[in-house]
Each structure stands twice: as structure tokens, then as C-alpha cells.
Amino acid sequence: MAACECDFYMNIFNNFLLAKNDENQKVMWKMYTIIDLMKITGEQDDNGFMENALRMIMLLFNHYNLTPCELECNYFVNAPFDEKEELITILKGEFI
């Protein structure tokens, strides 16, 4: 995957987080993101980048509700000890 593709995917998710759970902002996010994607790819899509990006956009738009953890970066800083322990266990299972 090219660096610009990775950056675009990261921007898709970061901008989605900014829309939070406001339906109007999510609709605007989706429209602007699709327009940006079309500008970047033009008529060229030899490696499936456009298709993959569209799938990610639609998946986020249609099925994803943000949790407080994603909306507030300090959520787990102030979380009770048992919640932190549970998160550490889940993360270890995912990444080890």
C-alpha cells in the first residue's frame, strides 16, 4: 500500500471521529470524503484503492457508533483500575 493511500485511510477515520455521533455531520463527512476520494483517484484505480476506500467509508457510515473511549482520549486515564486491567487483557489477546 502506498504512503498516500495509508494517509488517506487514516484521514478517513480521523475525520469520522470528528463527526462524533451527529447524524448530520456524518452525512456531510461521507459526502466530502467521497468527493475527496474521487479527486485523488480520478479515473485511475488500477490497484483497487478507490473500491477499498469506498467500502471503508460506507462501513463506517452505516454500521459504526462511536464509544466514549473514541470520543475522549482521556477516558481510560481516569477509569477505575478494574476497567484498565480488562482493557490490558483484551489488548494483549489482540496483539500478542
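Please refer to the structure higher up on the page.
Residues numbered from 1 in each chain as written. Predicted model: local features only at pLDDT ≥ 70, side-chain atom pairs only at ≥ 80, totals over all residues. Heavy atoms only, no water.

Undergrad: Can you lay out the side chain of lysine 30 for me, pointing to particular residues and giving the numbers?
TA: In this structure, lysine 30 sits in helix 2 (residues 23-41). Buried and unpaired, lysine 30 has no salt bridge, with glutamate 23 as the nearest side chain of opposite charge at 9.5 Å. For lysine 30, the residues in contact, after removing those within four places along its chain, are Ile57, Met58 and Phe61. (Helix = DSSP H or I, 4+ residues; strand = E, 2+ residues; numbered from the N terminus. Buried < 20%, exposed > 50% of the residue type's maximum accessible area, 1.4 Å probe, protein only. Lys, Arg positive; Asp, Glu negative; His and termini not counted. Salt bridge = Lys/Arg side-chain N within 4 Å of Asp/Glu carboxyl O. Contact = heavy atoms within 4.5 Å.)

Undergrad: Give me the lowdown on the pattern of salt bridges, citing residues and values where you can.
TA: Using the criterion set out here, one finds two salt bridges in the structure. Taking the shortest distance from any N to any O, the salt bridge between glutamate 23 and lysine 26 comes out at 3.8 Å. Here glutamate 23 and its partner lysine 26 are both found in helix 2, three residues apart, which amounts to about one turn of the helix. Close ionic contact of glutamate 51 with arginine 55 constitutes a salt bridge, the shortest N to O distance being 2.4 Å. In this pair, glutamate 51 and arginine 55 both sit in helix 3 (residues 49-63), four residues apart, roughly one turn of the helix. Judged by its relative accessible area of 41%, glutamate 51 falls in the partly exposed class.

Undergrad: Outline helix 3, supporting the account with residue identities and numerical values.
TA: Across its 15 residues, helix 3 extends 21 Å between first and last C-alpha, which sits within 8% of the 21 Å expected from 1.5 Å per residue. Those residues of helix 3 that sit buried are Phe49, Met50, Ala53, Ile57, Leu60 and Phe61. For helix 3, the angular spread of buried residues about the axis comes to 100°, placing them on one side. Looking at helix 3, the residues exposed on the side facing more than 90 degrees away from the buried face are Arg55, Leu59 and His63. (Expected span 1.5 Å × (residues − 1). Arc of directions from axis to C-beta.)

Honestly, it's all geometry; don't read function into it.
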